[in-house]
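# A look at the structure
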Amino acid sequence: VLYPLIRPFYLVFLILNTLILALIIIAFSPIDRGGDLVHYIGKFWARLNMLAAGVRVTLKGREKIRRDLSYVVMANHQSLFDVWALIAKLPLQLRWVIRTGIRRMPVFGYALKRMGHIYIDRRSPRDTVRGLREAAREIRRGHSVVIFPEGTRSRDGRLQKFNRGGAVIALRSKAPVLPITVNGSRFVLPKGTLALMPGRIQIVVGDPIDPGNFSKDREEELLTSIRRAIEENLDPEYGSFV
């Protein structure tokens, strides 16, 4: 009942800590060539803001992740909190494929670029191809790349149509696909609102998928396998307040 009164204070806290940590990342990124320092700053940022929001995150299937491998991580998308949940819980150094609009955000947009995240303008086929190539290069450098194949958040928690970008990256880089299911985040922060509420988020790791089992002309078949793996662990009502 009282939580709506806390939201404005949380928003101010979020803006301040994001600005401070973004400035720290910009300052240290030139000497942090491996990205280890900014990686842990990112984890701290994610955990701090989830803790302040009263959000608990559990990870199921951690044993399926090999830390010595790079993955194309593909997850369903329900809420902005999905990003924090994955950063906080996955034991991988992640590179995100991000819409170019975020680059215009003062300080924060530049900090994400300094961390090695990849901006893509989906309206430009040429820029999309460039971004996919850059993502494949990051995987070869030993980093894992995260894609939300739906492209936007789901309002009801059910899967939407998948874009082909993640499958293209996997086939090009030969890196295994790590299917991730995120449950509960839509009740924490629904799409298109600021109605933040404390709650539970569950991350379920599926069995890795080897793109080597699919030829380039079987891209749609690979995408179908990824969708099936994510949907298998999907629980649209997880974390419901009802």
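Residues numbered from 1 in each chain as written. Predicted model: local features only at pLDDT ≥ 70, side-chain atom pairs only at ≥ 80, totals over all residues. Heavy atoms only, no water.

## Digging into the overall build of the protein chain
- When you go through the protein chain residue by residue, the secondary structure sums to eight helices and seven strands.
- A principal-axis box enclosing the C-alpha atoms of the protein chain has dimensions of 55 × 45 × 35 Å.
- For the protein chain, the distance from the average site of its 39 positive side-chain charges to the average site of its 21 negative ones is 6 Å. (Helix = DSSP H or I, 4+ residues; strand = E, 2+ residues; numbered from the N terminus. Lys, Arg positive; Asp, Glu negative; His and termini not counted. Charge placed at Lys NZ, Arg CZ, Asp CG, Glu CD.)

## Topic: the environment of Y238
- Looking at where Y238 falls in the secondary structure, it is placed in the segment after α8 (219-232).
- For the pair Y238 and F13, spaced 225 residues apart in sequence, the C-alpha to C-alpha distance is 28 Å.
- Residues contacting Y238, with those up to four places away along its chain left out, are T58, N183, G184, F187, R200, I201 and Q202. (Contact = heavy atoms within 4.5 Å.)

## Focus: unusual backbone geometry
- Positive phi outside glycine occurs at V107, with the angle close to 65 degrees.
- Within the secondary structure, V107 sits in the loop between β3 (94-99) and α4 (108-114).
- Relative accessible area serves as the criterion here: at 28%, V107 is assigned to the partly exposed category. (Buried < 20%, exposed > 50% of the residue type's maximum accessible area, 1.4 Å probe, protein only.)

## Observations concerning the pairing of strand β7 (residues 199-205)
- Counting buried positions over the seven residues of β7 gives six, a clear majority of the element.
- Sheet topology places strand β1 (residues 55-60) next to β7; six bridges connect them, and they run parallel. Counterpart to K60 in the pairing with β7 is V204.
- Sheet topology note: the strand β6 (residues 177-183)/β7 ladder contains four bridges and is antiparallel. Of the residues in β7, the one forming a bridge with I180 is V205. (Pairing = 2+ DSSP bridges.)

## Overview of a nonpolar patch on the surface
- Together, I20, I24, F28, I31 and L37 make up a nonpolar patch on the protein surface, roughly 460 Å² of accessible area in all.
- Position of I24 among the secondary structure elements: in helix α1 (residues 3-28).
- The exposure class assigned to I24 is partly exposed, which follows from its relative accessible area of 32%. (Patch = residues over 30% accessible without salt bridge, like charges linked within 9 Å, V, L, I, M, F, W, Y side chains within 5 Å. Areas by Shrake-Rupley, 256 points an atom, 1.4 Å probe, with all protein chains shown as cover. Salt bridge = Lys/Arg side-chain N within 4 Å of Asp/Glu carboxyl O.)

## Points about the packing of helix α2 (residues 36-53) against helix α3 (residues 81-89)
- One can describe the packing of α2 onto α3 by two numbers: an axis separation of 8 Å at closest approach and a directional angle of 125 degrees. Here α2 lies oblique to α3, going by the angle between them. Here the hand of the crossing between α2 and α3 comes out left-handed. Mapping the contact onto sequence places G42, K43, W45, A46, R47, N49, M50 and A53 in α2 and F81, W84, A85, I87, A88 and K89 in α3. (Axes fitted to C-alpha atoms, helices over the stretch in contact; angles between N-to-C directions. Parallel < 35°, antiparallel > 145°, perpendicular 65-115°, else oblique. Left-handed = near helix turned anticlockwise from the far one by under 90°.)

## Comments concerning the layout of surface pockets
- Reported here for the second largest pocket is a volume of approximately 280 Å³.
- Lining the second largest pocket are 16 residues, and of these R95, R114, M115, G116 and E138 sit closest to its centre.
- Sorting the residues of the lining of the second largest pocket by element identifies α4 and α5 (125-140) as the ones contributing at least two each.
- When grouped by side-chain class, the residues that make up the lining of the second largest pocket number two nonpolar, six polar and eight charged. (1 Å grid on protein atoms, 1.4 Å probe; cavity = no way out; pocket = protein on both sides within 12 Å on 5 of 7 lines; lining within 4 Å. Points joined across faces, edges and corners; volume = space filled by probe spheres on them. Nonpolar A, V, L, I, M, F, W, Y, C, P; charged D, E, K, R; others polar.)

## A look at the pattern of salt bridges
- Summed over the entire model, instances satisfying the criterion amount to 11 salt bridges.
- With a closest N to O distance of 2.6 Å, E219 and R164 form a salt bridge. Placement of the pair is E219 in helix α8 and R164 in the loop between β5 (144-147) and α6 (165-173), with a sequence separation of 55 residues.
- Classification of E219 as buried rests on a relative accessible area of 14%.
- Of the charged contacts, one joins R218 and E221 as a salt bridge, the two residues approaching to 2.7 Å between their closest N and O atoms.
- With relative accessibility at 30%, the residue R218 sits in the partly exposed group.
- On the basis of relative accessible area, E221 is assigned to the partly exposed category, the value being 40%.
- Among the ionic contacts, a cluster of salt bridges with common partners joins K113, D127, R130 and E134.

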